[in-house]
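What follows is the residue order along each chain.
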2 protein chains.
Amino acid sequence: MALEKRTPDCALRFWARPASVEKTRRAFPSAQVSSHAAEIARNANILVFCCPVGAMEGLAKDVVGSVSNEALITDAGSVKASVVSAMEPIFAGRFVGAHPMAGSEQSGIESANADLFEGATCVLTPTAKTESSALRGISDFWTSVGCKNLVFAADEHDQLVARSSHLPHAVASILAKSVQGSLPAALAVTGSGFRDTTRVAAGPPGMWAEIFLENRQHVLAALNELHSETQVFANLLETGDRAGLEKFLLQARDVRKDLE
Amino acid sequence: MALEKRTPDCALRFWARPASVEKTRRAFPSAQVSSHAAEIARNANILVFCCPVGAMEGLAKDVVGSVSNEALITDAGSVKASVVSAMEPIFAGRFVGAHPMAGSEQSGIESANADLFEGATCVLTPTAKTESSALRGISDFWTSVGCKNLVFAADEHDQLVARSSHLPHAVASILAKSVQGSLPAALAVTGSGFRDTTRVAAGPPGMWAEIFLENRQHVLAALNELHSETQVFANLLETGDRAGLEKFLLQARDVRKDLE
């Protein structure tokens, strides 16, 4: 949708699961839509894999035989080390892993939004094997839909998003589950604070279970870090250390305000 | 501001700290504004204490001598057991504790908003000593600014908000602090998930330190509950239990969706 808006002369083609073909056609009446991946991939200039990360390797193997030697390949997966390990052997130096950091708790073509990528950070994860022309081309592609790109090694990306994206999601889900399990009556007196803090927990469970498992080690490390910080907070509270508590909250506020 | 909009014939009077008197006058040109609390309280029909909960008892003692015997008294504090214990001996059955569950991470008269209370839940915490006419009058007052009222015992309120309000704030602050302490580079790749989950951490540190300390026991209990749930999540992740993880996330999502 962002491409259609910003690069109207681009010929869009969609692979979709059989169940989603019809609604994809309705959303993009002038585009070619099919559930046959190889047919869609044939002679494409740029292929963008937007699917659960666990499904990516299988889909790539389905299409590699019909992909031209000049095609550039990228993806939109939320983890990168496992994706790069799976995709680079298939597409060699023409694959550049990407994680456009945009989205919401919604999913499906019904939630598509042409301005989703406007100003969003996109992390690119080239390796020593990546062709420099592929990196340039894929970088231009993500810029063309509105992203600002950053380059990291795939594992470095996964460490970073474990803290910036996966940990907040885990925390939101754990918080919602904890209150329901301990004192469900409290759910009747929530305000905007509870709603904001748990908003991402409304995201698709299947997709998120996969993300957590694909980035398991870094997410577990991040949860441990969070627990240590929780102990610091609880200790300040237990000892009634008002000055220490206020300093803790002030530092947290400064972190948050710098993100505005 | 909500009263001015919805009850225009009401004569508003404000007590403000000396430093805030001028900006309060600018915001309410036709109201009486003074830093002398007793002067403002004299002959008032309804007194609303909107100040840090730790300052409430002192302010109440300053004004009690000039408050009429027919005046009704309420407050807007975020904890209730300590407030009711402090205020009931001063104003007897004419005090009704209240917690309008509205607000944002902003503070100060500059952030006032006439529609803040529209549809918000207000918890009232009468005791066996509360006069029934006072409960009716204070209930009508909060309804008149747009709130929907619920009645709980003060300690029950504090248990509930420990989970619905104080725990989310603690979690937001701990999350922001944890990421900054462990891997600050991750703050450069945050998206809307991290921003939403930590939004309330931008709230005023002094006010929140006080709220946490006033409700210390229940907040510590809530943090323990959260830790148990975190262990459940971490265990699912560690054992690679995809079905269990997806079920966990699905239950969290259902809790969150029910709040829409």
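Residues numbered from 1 in each chain as written. Chains lettered and ligands numbered in written order. Predicted model: local features only at pLDDT ≥ 70, side-chain atom pairs only at ≥ 80, totals over all residues.

(A) Quick peek at the sheet that holds strand S6 (residues 121-125) of chain B. Residues and elements named next belong to chain B. One open sheet holds the five strands; their spatial order is S3-S4-S5-S6-S7, and the pairing between them is mixed. The open sheet has two free edges, formed respectively by strand S3 (46-49) and strand S7 (148-151), since each of these has just one partner strand. Each neighbouring strand pair of the sheet contributes to a mean axis angle of 30°, computed without reference to strand direction. As paired elements, S6 and S7 share four bridges and run parallel to each other. Bridge pairing links Cys 122 to Asn 149 in S7. Most of the contacts of helix H6 (residues 132-144) go to strand S5 (residues 95-100), to which it runs at about 25°, and overall it touches S3, strand S4 (72-75), S5, S6 and S7. (Pairing = 2+ DSSP bridges. Helix = DSSP H or I, 4+ residues; strand = E, 2+ residues; numbered from the N terminus. Axes fitted to C-alpha atoms, helices over the stretch in contact; angles between N-to-C directions. Contact = placed C-beta atoms within 7 Å.)

(B) Structural detail: the pairing of strand S5 (residues 95-100) of chain A. Residue and element names in this part refer to chain A. Taken across its six residues, S5 has six buried, putting it largely inside the fold. Every second residue of S5 is oriented toward a common face, with Phe 95, Gly 97 and His 99 on one face and Val 96, Ala 98 and Pro 100 on the other, all of them buried. Pairing analysis gives two bridges linking strand S4 (residues 72-75) to S5, with the strands arranged parallel. Note that in S5 the partner of Ile 73 across the bridge is Phe 95. In this sheet, strand S6 (residues 121-125) lies alongside S5 in antiparallel orientation, the contact comprising four bridges. Residue pairing in the sheet places Pro 100 in a bridge with Cys 122 of S6. (Buried ≥ 20, exposed ≤ 12 C-beta atoms within 10 Å, placed from the backbone.)

(C) Focus on helix H9 (residues 205-214) of chain A. Where burial is concerned, most of H9 of chain A is hidden: eight out of the ten residues are buried. For H9 of chain A, every residue scored as buried is listed here: Pro 205, Trp 208, Ala 209, Glu 210, Ile 211, Phe 212, Leu 213 and Glu 214 of chain A. Packing partners of the buried residues in H9 of chain A comprise helix H4 (53-63), helix H5 (81-91), helix H7 (154-182) and helix H10 (216-238) of chain A together with helix H10 (216-238) and helix H11 (242-257) of chain B.

(D) Quick peek at the relation of the copies chain A and chain B. If you rotate chain A by 180° and push it 0.0 Å along the axis, it lands on chain B with an RMSD of 0.1 Å. Given the turn and translation reported, the copies of this chain are related as if by a two-fold rotation axis. Using C-alpha coordinates, one finds that chain A approaches the rotation axis most closely at Thr 197 of chain A, a distance of 2.0 Å. Taken together, the interface assignments show that 100% of the residues at the interface of chain A recur at the interface of chain B, consistent with an identical surface on both copies. (Least-squares fit on C-alpha atoms with pLDDT ≥ 70 in both.)

(E) A look at the nonpolar core. Counting residues in each nonpolar core, the largest one holds 141 residues, and the members touching the most others are Leu 175 and Phe 212 of chain A together with Leu 175 and Phe 212 of chain B. Setting aside anything within four residues of it in sequence, one finds Phe 212 of chain B in contact with Leu 237 and Leu 245 of chain A together with His 166, Ala 170 and Val 219 of chain B. (Core = buried A, V, L, I, M, F, W, Y, C linked by C-beta atoms within 7 Å.)

(F) Main features of the packing of H7 of chain A against H10 of chain A. Residue and element names in this part refer to chain A. It is the contact of H7 with H10, at a shortest axis distance of 9 Å, that shows an interaxial angle of 65°. The interaxial crossing formed by H7 with H10 has right-handed handedness. Along the contact surface, H7 presents Asp 158, Gln 159, Ala 162, Arg 163, His 166, Leu 167 and Ala 170, while H10 presents His 218, Val 219, Ala 221, Ala 222, Leu 223 and Leu 226. In terms of residue class, the contact of H7 with H10 is built from eight nonpolar, three polar and two charged. (Left-handed = near helix turned anticlockwise from the far one by under 90°. Nonpolar A, V, L, I, M, F, W, Y, C, P; charged D, E, K, R; others polar.)

(G) Seen up close, the confidence of the model for chain A. Of all residues in chain A, 100% attain a pLDDT of 70 or more, and the chain-wide mean is 95. For this predicted complex, the interface confidence score (ipTM) comes to 0.86, while the overall pTM stands at 0.85. (pLDDT = per-residue confidence, 0-100.)

(H) The packing of H10 of chain B against H11 of chain B, seen in detail. All names here are of chain B. At a minimum axis distance of 8 Å, the contact between H10 and H11 shows a crossing angle of 145°. Judged by the twist between their axes, the crossing of H10 over H11 is left-handed. Here H10 contributes Phe 233, Leu 236 and Leu 237 to the contact with H11, which in turn contributes Gly 244, Leu 245 and Phe 248. Considered class by class, the residues forming the contact of H10 with H11 number five nonpolar, one polar and no charged.

(I) Representation of the interface of chain A and chain B within the structure. Contacts between the two partners involve 79 residues from chain A, matched on the other side by 79 residues from chain B. Put simply, the parts of the chain that give the side of chain A that touches chain B at least two residues each are S6, H7, helix H8 (192-197), H9, H10 and helix H11 (242-257) of chain A. Grouping the constituent residues of the side of chain A that touches chain B by class yields 43 nonpolar, 22 polar and 14 charged.

(J) Just H5 of chain A, in detail. Residue and element names in this part refer to chain A. The set of residues buried in H5 consists of Ala 81, Val 83, Val 84, Ala 86, Met 87, Glu 88 and Phe 91. Tucked inside the fold, the buried residues of H5 contact H4, S4, S5, S6 and H7. Ala 92 lies just past H5 and shows a positive phi near 50°.

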